[in-house]
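# Commentary on secondary and tertiary structure
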Amino acid sequence: MRYFFLFFLITINCFSQKSYSFDYLIEYSFVSYKYSTSNKKIYYLTNSKDNSYFAKIESLDTLSFSLEFIAQDKIWTKTKIEKKYFFEAEFIKGTCDSILTHRNYFKEKTKHYKFEVLSDTIINNLSLERYKLMFIGKRKGKRSNPIGSNLYIIEDSTKFHLPTLTHPTAFGEWKEEGQIPNGIFKEKIFLDFEDNVAEKHILKDYYMTNKTLIIPEDCLEQ
């Protein structure tokens, strides 16, 4: 597995580099109703004002995280970092051997999907907004087909945060359509082709943070 070099930095040389800042760390429980061994904790680093990039963090072992960074249509990298450094570091610096240019090959699929804003739902006496990303293309009729839909339930009082759309099709559809509520999702529910609940992301907590990922500009020119 490729590695990031992780540093505590006092000053940053801004020449010939790109930086991606994060102001929120969001914690979820992932639950699979088909494969219980897949259940785990997932963190997302996000920028509340720019949802075109994010980092997904999962535990590899007691000492290490796997960190996957995506800037839509620009950069992809997946690497391993030590847990103690991840929580303490303000700056994360990438090296060229861990970075790949990224293209959204799911762009064409947006024509097969649409967002639908649903009526609010009540959870713990709170009225929460909902929307759904639905498949509207032709189904092939095979039960093994993984096509389904995502239902998003938005956490109360998080309008300050742009929609957290980590799947490239969902992000591409939002770029084309818009018209869905801002906010961190309290739950993201994947419904299979028969509308059965297959997977859930359940919000545990979210925290303000101040982290920056730094990528040397010449890494993207190779």
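Here we summarise the structure given alongside this text. (Residues numbered from 1 in each chain as written. Predicted model: local features only at pLDDT ≥ 70, side-chain atom pairs only at ≥ 80, totals over all residues. Heavy atoms only, no water.)

### Let's talk about the packing of aromatic side chains
Across all of its chains, the model carries 20 aromatic pairs by this definition. Here Tyr53 and Phe69 contribute two aromatic rings whose centre-to-centre distance is 6.3 Å and whose plane-to-plane angle is 50 degrees, an arrangement assigned as tilted. You can see Tyr53 sitting in strand S4 (residues 50-59) and its partner Phe69 sitting in strand S5 (residues 64-71), a full 16 residues away along the chain. Taken as a pair, Tyr53 and Phe69 share a single burial class, namely buried. Site record: aromatic cluster; members linked through ring pairs are Tyr28, Tyr44, Phe54, Phe115, Tyr131, Tyr152 and Phe185. Lying across the ring of Phe30, Lys40 places its NZ or CZ 5.7 Å from the centre. (Phe/Tyr/Trp six-rings, centres within 6.5 Å; stacked < 30°, edge-to-face > 60°. Helix = DSSP H or I, 4+ residues; strand = E, 2+ residues; numbered from the N terminus. Buried < 20%, exposed > 50% of the residue type's maximum accessible area, 1.4 Å probe, protein only. Lys NZ or Arg CZ within 6 Å of the ring centre and 35° of its normal.)

### Topic: the nonpolar core
Membership of the largest hydrophobic core comes to 25 residues, with the highest contact counts inside it found for Tyr28, Phe115, Tyr131, Tyr152, Leu165 and Trp174. Elements represented by at least two residues in this core include exactly strand S2 (17-32), strand S3 (40-47), strand S9 (113-123), strand S10 (126-135), strand S11 (149-154) and helix H2 (168-177). Among the elements that make up this core, the one with the highest residue count is S2 (four residues). Residue contacts for Tyr28: discarding those within four places in its chain leaves Lys40, Lys41, Ile42, Tyr44, Ile184, Phe185, Lys186, His201, Ile202, Leu203 and Lys204. Residues Phe22, Tyr53, Phe69 and Ile75 belong to the second largest nonpolar core, which totals 18 residues. (Core = buried A, V, L, I, M, F, W, Y, C linked by side-chain atoms within 4.5 Å. Contact = heavy atoms within 4.5 Å.)

Purely geometric numbers; function is a separate question.
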